[in-house]
Amino acid sequence: MSEWWTYRPSDFLMFSARSYYRLFELYNAALWPTQPVVIALGVLLLAALAWAGGRQPAPVWPQRVGCALLAAAWLWIGIAYHAQRFASINAAASGYAAAWTLQAVVLLALALGTRGSDEPGRARMMRPDAPARWTGLGLGAYAVGLHPFLGLWVGRSIGQAEVAGLAPDPTALATLGLLLLLPRACDALQRWLRRVAWSIALAWCALSGLTLAGLGAPDTWVLPALGTVALGAAWRARG
Amino acid sequence: MLNNRNRRHLLQRLPALAALAWAGGCARTASAQSSASVLAKPIPSSGEPMPVVGLGTWITFNVGNDRVAQDASAEVIQAFFAGGGRMVDSSPMYGSSQATVGHGLARAKPAALFSAEKVWTSSSRGDGRGPAQIEQSRKLWGVPKFDLLQVHNLLDWEVHLPTLLEMKAAGRLRYVGITTSEGRRHREIEAMLRSQPIDFVQLSYNPLDREAEQRLLPLAAERRIAVIANRPFRQGDLLQSLARHKLPAWAASELGCDGWAQLVLKFIVSHPAVTCAIPATSSVAHVRQNLGAARGPMPDTALRQKIATHIAAL
């Protein structure tokens, strides 16, 4: 195609909003009653992360467990949602499945490699700053507790709810939240893994925004906006 | 796809075919399944009558494995044929649309079907990708062969067009065409209309997208090439914006339109060079309304201009 500039995001969408949200409806029906279990797991994880953040030195097992759980979620969504369902209406979804599988591997590596410190001074240095912690917890709380009900505000049914851990968008947001809560990386491999994890999650926020914009969804702005908030918090924490 | 027996059967039941009623050779036809007559125009290269409203499948029929949505699409297909429609157009680019069409055709078993498909794959000479894709499409449709195959968006047309022309020469295909959309590659399309022995060209045309009127439509008429108008409603955006306005009284009184969709379609198919338009829909009510545009009076040149001016001003 020599006229790329003449295309709009919607020109690349080959499915309707109706088919897109119907996919979630069928997916949720097939998985029920997994959703309340996954939400409860998310709430427990958030509670553990909040508890750990208030302790000195802060334990890192909640972050490691979180990374492991999210690794499982990214792998599940890559296979069960993107490859097995979304691909039936979107040719690009097989590519998404590959990216989500890669992210699962990265998060698993982070789960295995994330370390805290027993030395109080060093633990303080490695701890994420307060704005990053609160932003991370806020993003996680939104992804787990509010995002599934976002559709209700814009006229979709509860059957089409997108649940963190099972649906891509809230899972990407929860991942950004968790990445903000990780102790500062002290080795090059950890830093590299985190950059990859950030890049994939942020890329999904942008892609999801473009997809919803193409579908004319009223909540198009949510993922790009929250992705930007996460990026801003991470950027600030660097300094 | 019509075999000879079915075609004879259909033609026997097209009582108004002989009554060429409108603008240079249009006929009113009836499908084998309906007494409602719709306006048809002849395919220039063969004279075969084609109802001026077809059925597109872009986006609307891409419903994946959703059985409920597949059944709803099958109802649209049934309503389309019951209302006198013939041409169904799809593409390998349209996701699961081909399988949805196949599901609908298996239910409707329409004798009047005119199957319009596309080949859309990167290919080099002799790699067999084009024929393999066409065979896959044929299986998904569940038809013995296609009536029309088009090179989609001119992708590797230098490879695909000879394949399609060979298929036509061998009797495995009835018509060959090329497609573009949204005004892209019109210069190349024009060169192909001048140089290639094609039967159909598919392009975007509606009251707001009228670039084709300048060169492509007159050239198609001159070269006796049928024109399929895609994106008649700009993928729904045009009707969505028109819905905010009241349909002018003259649209109902002079053309018998009951909504904007019919006015837009009447504008499109009344162009002398346009053979048919292929609006896509997932609604039985809308497919019936679209077919309604193929009935009743059609606008003349002055009224067509009035429609275009009115819509452009909204």
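Just above, that's the structure.
Remember, it's a predicted structure, so these values are computed and weren't measured experimentally.

Draft legend 1. Examining the interface of chain A and chain B more closely. Counting from both sides, the interface comprises 17 residues of chain A and, opposite them, 19 residues of chain B. Across the chain A/chain B interface, buried area totals approximately 1,400 Å², and carbon plus sulfur atoms make up 40% of it. Summed over the three residues of chain A that lose the most area to chain B, namely Met 14, Arg 18 and Ser 88 of chain A, the buried surface amounts to 34% of that side. For the interface between chain A and chain B, the tally reads one salt bridge. For the pair chain A and chain B, the interface holds five residue pairs in polar contact (both at pLDDT 80 or more). Class assignment for the residues of the side of chain A that touches chain B results in six nonpolar, six polar and five charged.

Draft legend 2. Spotlight on the pairing of strand β9 (residues 200-204) of chain B. Residues and elements named next belong to chain B. Burial analysis of β9 places five of its five residues in the buried class, which makes it a mostly covered element. Here β9 shows a buried face lined by Phe 200, Gln 202 and Ser 204 and a second buried face lined by Val 201 and Leu 203. Bridging between strand β8 (residues 175-179) and β9 involves three bridges; their strand directions are parallel. Of the residues in β9, the one forming a bridge with Ile 178 is Val 201. In this region the chain leaves β8, passes through helix α6 (residues 186-195) and returns to the parallel neighbour β9; the handedness of that crossover is right-handed. In the sheet, β9 pairs with strand β10 (residues 226-230) via five bridges, with the strands oriented parallel. Across the sheet, residue Ser 204 finds its bridge partner in β10, namely Asn 230.

Draft legend 3. Up close: the packing of aromatic side chains. Taken as a whole, this structure holds 21 aromatic pairs over all chains when the rule is applied. Seen from their ring centres, Tyr 20 of chain A and Tyr 21 of chain A are 5.0 Å apart, and the 75° between their planes marks the pair as edge-to-face. Assigned by exposure class, Tyr 20 of chain A and Tyr 21 of chain A land together as buried. Plain terms: the ring middles of Tyr 96 of chain A and Trp 204 of chain A are 5.3 Å apart, the flat faces sit at 85° to each other, and that makes the pair edge-to-face. Here Tyr 96 of chain A, found in helix α4 (residues 93-113), pairs with Trp 204 of chain A, found in helix α8 (residues 188-215); they are 108 residues apart in sequence, far enough to count as distant. Accessibility expressed as a relative area gives 15% for Tyr 96 of chain A, which makes it buried. With a relative accessible area of 7%, Trp 204 of chain A lands in the buried category. One aromatic cluster in this structure is built from Phe 15, Tyr 20, Tyr 21, Phe 24, Tyr 27, Trp 74, Tyr 81, Phe 86, Tyr 96, Trp 100 and Trp 204 of chain A. Over the aromatic face of Phe 267 of chain B sits the side chain of Arg 304 of chain B, whose NZ or CZ is 4.2 Å from the ring centroid.

Conventions adopted
- Residues numbered from 1 in each chain as written.
- Chains lettered and ligands numbered in written order.
- Predicted model: local features only at pLDDT ≥ 70, side-chain atom pairs only at ≥ 80, totals over all residues.
- Heavy atoms only, no water.
- Contact = heavy atoms within 4.5 Å.
- Buried area = accessible area lost by both parts, 1.4 Å probe.
- Salt bridge = Lys/Arg side-chain N within 4 Å of Asp/Glu carboxyl O.
- Polar contact = N/O pair within 3.5 Å; in protein donor to acceptor, adjacent residues only side chain to side chain.
- Nonpolar A, V, L, I, M, F, W, Y, C, P; charged D, E, K, R; others polar.
- Buried < 20%, exposed > 50% of the residue type's maximum accessible area, 1.4 Å probe, protein only.
- Helix = DSSP H or I, 4+ residues; strand = E, 2+ residues; numbered from the N terminus.
- Pairing = 2+ DSSP bridges.
- Right-handed = clockwise from strand over helix to strand, strands pointing away.
- Phe/Tyr/Trp six-rings, centres within 6.5 Å; stacked < 30°, edge-to-face > 60°.
- Lys NZ or Arg CZ within 6 Å of the ring centre and 35° of its normal.

Note that all results are geometric; they support no functional claim without further evidence.
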